[in-house]
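# Remarks on the overall topology
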Amino acid sequence: MIQPELRGITSQDLEPPALPEDPMDCTVQFRVLIGPRGGEEAETFGFTVVTPAHLGRTLGHTWGRGYLIVESFDWSIVVRAVAQLLAQCSAPTWPEVVVELNKELYRETDSFRGSGS
C-alpha cells in the first residue's frame, strides 16, 4: 500500500505561528505538498480552514469539499487534521491515493478558489 506523506504546508494568509485577528471567526487558505512515502512524485492540494462563525456570518451555507471546519483556528489542529486525512488515504497505487485525497482537498489542477473572504 502507498502511504501519502506531508512534504510541506503553507498559507498565503498567515505565517506560523501568527493567528487570524479573530481565531473563532475566520477563513485561512492553505496549500499542501503531498507525496508517496519514499517516492519522488508529489502533488499540490489546496483547502480552506473556516470557522462556523465565519460561515454563518458570510456564507450561511457551503459544500464541504475543500473546507476544514474548525471551532477556532489553531496551527496544530490544522497539521493534525491533515495528518489524520493522510492516514486514511492509503491505496495500492499513487494515482489511487491522489483520487482519495481529491475527495477532501482540491488538487492544484482543479479550480481551487477557497472561500476568498
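Scroll up to find the structure this text is about.
Given the structure is predicted, the values throughout are model-derived calculations rather than measurements. (Residues numbered from 1 in each chain as written. Predicted model: local features only at pLDDT ≥ 70, side-chain atom pairs only at ≥ 80, totals over all residues. Heavy atoms only, no water.)

The next thing to look at is the nonpolar core. Most often, soluble globular proteins keep nonpolar side chains buried together rather than apart. By size, the foremost hydrophobic cluster in this structure holds 23 residues, and its most contacted members are Phe 30, Ile 34, Phe 47, Phe 73 and Leu 101. It is helix α2 (residues 75-87) that contributes the most residues to this core, 5 residues altogether. (Core = buried A, V, L, I, M, F, W, Y, C linked by side-chain atoms within 4.5 Å. Buried < 20%, exposed > 50% of the residue type's maximum accessible area, 1.4 Å probe, protein only. Helix = DSSP H or I, 4+ residues; strand = E, 2+ residues; numbered from the N terminus.)

Time to look at the environment of Phe 30. Along the polypeptide, Phe 30 turns up in strand β2 (residues 27-36). Phe 30 gets classed as buried once you look at its relative accessible area, which sits at 1%. Along the primary structure Phe 30 and Pro 95 are separated by 65 residues, whereas in three dimensions their C-alpha atoms are 22 Å apart.

Turning our attention to the layout of surface pockets. A volume near 200 Å³ is recorded for the largest pocket. The wall of the largest pocket is formed by Phe 47, Gly 66, Tyr 67, Leu 68, Ala 81, Val 82, Gln 84, Leu 85, Gln 88, Glu 104 and Leu 105. Broken down by secondary-structure element, the contributors of at least two residues to the lining of the largest pocket are β4 (67-69) and α2. At 4 residues, α2 tops the list of elements feeding residues into the lining of the largest pocket. Of the residues belonging to the lining of the largest pocket, the class tally is 7 nonpolar, 3 polar and 1 charged. (1 Å grid on protein atoms, 1.4 Å probe; cavity = no way out; pocket = protein on both sides within 12 Å on 5 of 7 lines; lining within 4 Å. Points joined across faces, edges and corners; volume = space filled by probe spheres on them. Nonpolar A, V, L, I, M, F, W, Y, C, P; charged D, E, K, R; others polar.)

Let us look at α2. Helix length check: α2 (13 residues) gives 19 Å between terminal C-alpha atoms against 18 Å at 1.5 Å per residue, within 8%. Within α2, the full set of buried residues consists of Trp 75, Val 78, Ala 81, Val 82, Leu 85 and Leu 86. Projected down its long axis, α2 carries its buried residues within an arc of 135°, all on one side. Packing partners of the buried residues in α2 comprise β1 (4-11), β2, β3 (43-50), β4 and α3 (94-101). (Expected span 1.5 Å × (residues − 1). Arc of directions from axis to C-beta. Contact = heavy atoms within 4.5 Å.)

With 8 of its 8 residues buried, β3 lies for the most part within the structure. The side-chain alternation of β3 yields two buried faces, one formed by Glu 43, Phe 45, Phe 47 and Val 49 and the other by Thr 44, Gly 46, Thr 48 and Val 50. One ladder, built from 8 bridges, connects β2 with β3; its direction is antiparallel. Note that in β3 the partner of Arg 31 across the bridge is Gly 46. Where β2 hands over to β3, the hairpin turn is made up of 6 residues, of which Gly 38 adopts a positive phi near 80°. Note that β3 and strand β5 (residues 106-107) share 2 bridges and pair antiparallel. From the neighbouring strand, Phe 45 faces β5, where its bridge partner is Arg 107. As paired elements, β3 and β4 share 3 bridges and run parallel to each other. Counterpart to Thr 48 in the pairing with β4 is Tyr 67. (Pairing = 2+ DSSP bridges.)

So yeah, pure geometry; function would need other evidence.
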